[in-house]
Amino acid sequence: MMNIIKIPLIAIPSIILIVFVFFSLFINTIVKKSVESFGPKITQTPVNLQKVKISLLSGHSEIRGLVIGNPEGFHTDSALKFDTIVIDISPISIFSDKVIIRDILIDGPEITYETSVEGSNVGKIKKNIESFSSSSRSQTNESGELPTGQKETKQVQIDTFLLQNGKIRLSAKLLQGKTLDIPLTKVQLNDI
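For clarity, every value in this text was computed on a predicted model and none was experimentally measured.

Draft legend 1. Quick look at the overall build of the chain. Per the secondary structure count, the chain includes 2 helices and 9 strands. If you list the helices and strands of the chain from N to C, you get α-β-β-β-β-β-α-β-β-β-β. Out of the 192 residues in the chain, the part that is buried amounts to 26%. Sequence-distant contacts, at least 24 apart, represent 56% of the contacts inside the chain between residues at least 6 apart. When the accessible surface of the chain is split by element, carbon and sulfur atoms take 64% of a total near 13300 Å².

What follows is the structure in structure tokens.
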């Protein structure tokens, strides 16, 4: 009888540990492939990601070389580029009512705003995202509340947000991809 009880007590934690180790080893590849396959479906533009580095135990995540391309009909090489995005989160806080994000660093963002007679590249991407997410909005009832049985969103605390080394690139369709570059000032916000 004791042997029958010991087997599940040993097997369940062992299986959980194996799944955790397997997921930890392949999470970077899973995230990179997910961004590059689902990103284009959401934005209807090319999406490329150079490198992902995620540590589940420390809560440190780093994304390098994220590029969101332009919709058809625009001439600049991309709409958004990010050299580096770093997010440090308190892993234990994920299981509490308040998620604590220690740091968010966005280094080297490049936003290209290109206009044409039909609108802007950024506006077109926004419309594409809204049309993709319209199905998720249909889950709310007519009063705008979540249906019964669904949990409310968690609170989020951000200790430090830093945006640096960025620029905005302005262009028009007539310029055939040429841009006017304007540097972004450094932005740091604490205790959000």
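From this point, the discussion proceeds with the structure in view.
Draft legend 2. The arrangement of the side chain of Asp107 in detail. Turning to its location among the elements, Asp107 is positioned in strand S4 (residues 98–116). The charged side chain of Asp107 is buried without a salt bridge, its nearest counter-charge being Arg64 at 6.7 Å. A distance of 3.4 Å separates polar atoms of two side chains, one belonging to Asp107 and the other to Gln164. Within the local environment of Asp107, its side chain forms a polar contact with the side chain of Asn165, the two groups lying 2.6 Å apart.

Draft legend 3. The arrangement of the environment of Ile111 in detail. With respect to the helices, strands and loops of the structure, Ile111 is situated in strand S4. Residue classification places Ile111 among the partly exposed positions, given a relative accessible area of 29%. Ile111 sits 70 residues away from Asp181 along the chain, and the two C-alpha atoms are 9.6 Å apart. In contact with Ile111, other than residues within four places in its own chain, are Ala79, Leu80, Lys167, Ile168 and Arg169.

Draft legend 4. Inspection of the pattern of salt bridges at higher detail. Scanning the model with the defined rule gives 10 salt bridges in all. A salt bridge links Asp77 to Lys81, with the shortest nitrogen-to-oxygen separation between them at 3.1 Å. Judged by its relative accessible area of 25%, Lys81 falls in the partly exposed class. The partner of Glu130 in a salt bridge is Lys126, with the nearest N and O atoms 3.6 Å apart. Taken as a pair, Glu130 and Lys126 lie in helix H2 (residues 121–137) at a separation of 4 residues, close to a single helical turn.

Rules and cut-offs
Residues numbered from 1 in each chain as written. Predicted model: local features only at pLDDT ≥ 70, side-chain atom pairs only at ≥ 80, totals over all residues. Heavy atoms only, no water. Helix = DSSP H or I, 4+ residues; strand = E, 2+ residues; numbered from the N terminus. Buried < 20%, exposed > 50% of the residue type's maximum accessible area, 1.4 Å probe, protein only. Contact = heavy atoms within 4.5 Å. Areas by Shrake-Rupley, 256 points an atom, 1.4 Å probe, with all protein chains shown as cover. Lys, Arg positive; Asp, Glu negative; His and termini not counted. Salt bridge = Lys/Arg side-chain N within 4 Å of Asp/Glu carboxyl O. Polar contact = N/O pair within 3.5 Å; in protein donor to acceptor, adjacent residues only side chain to side chain.

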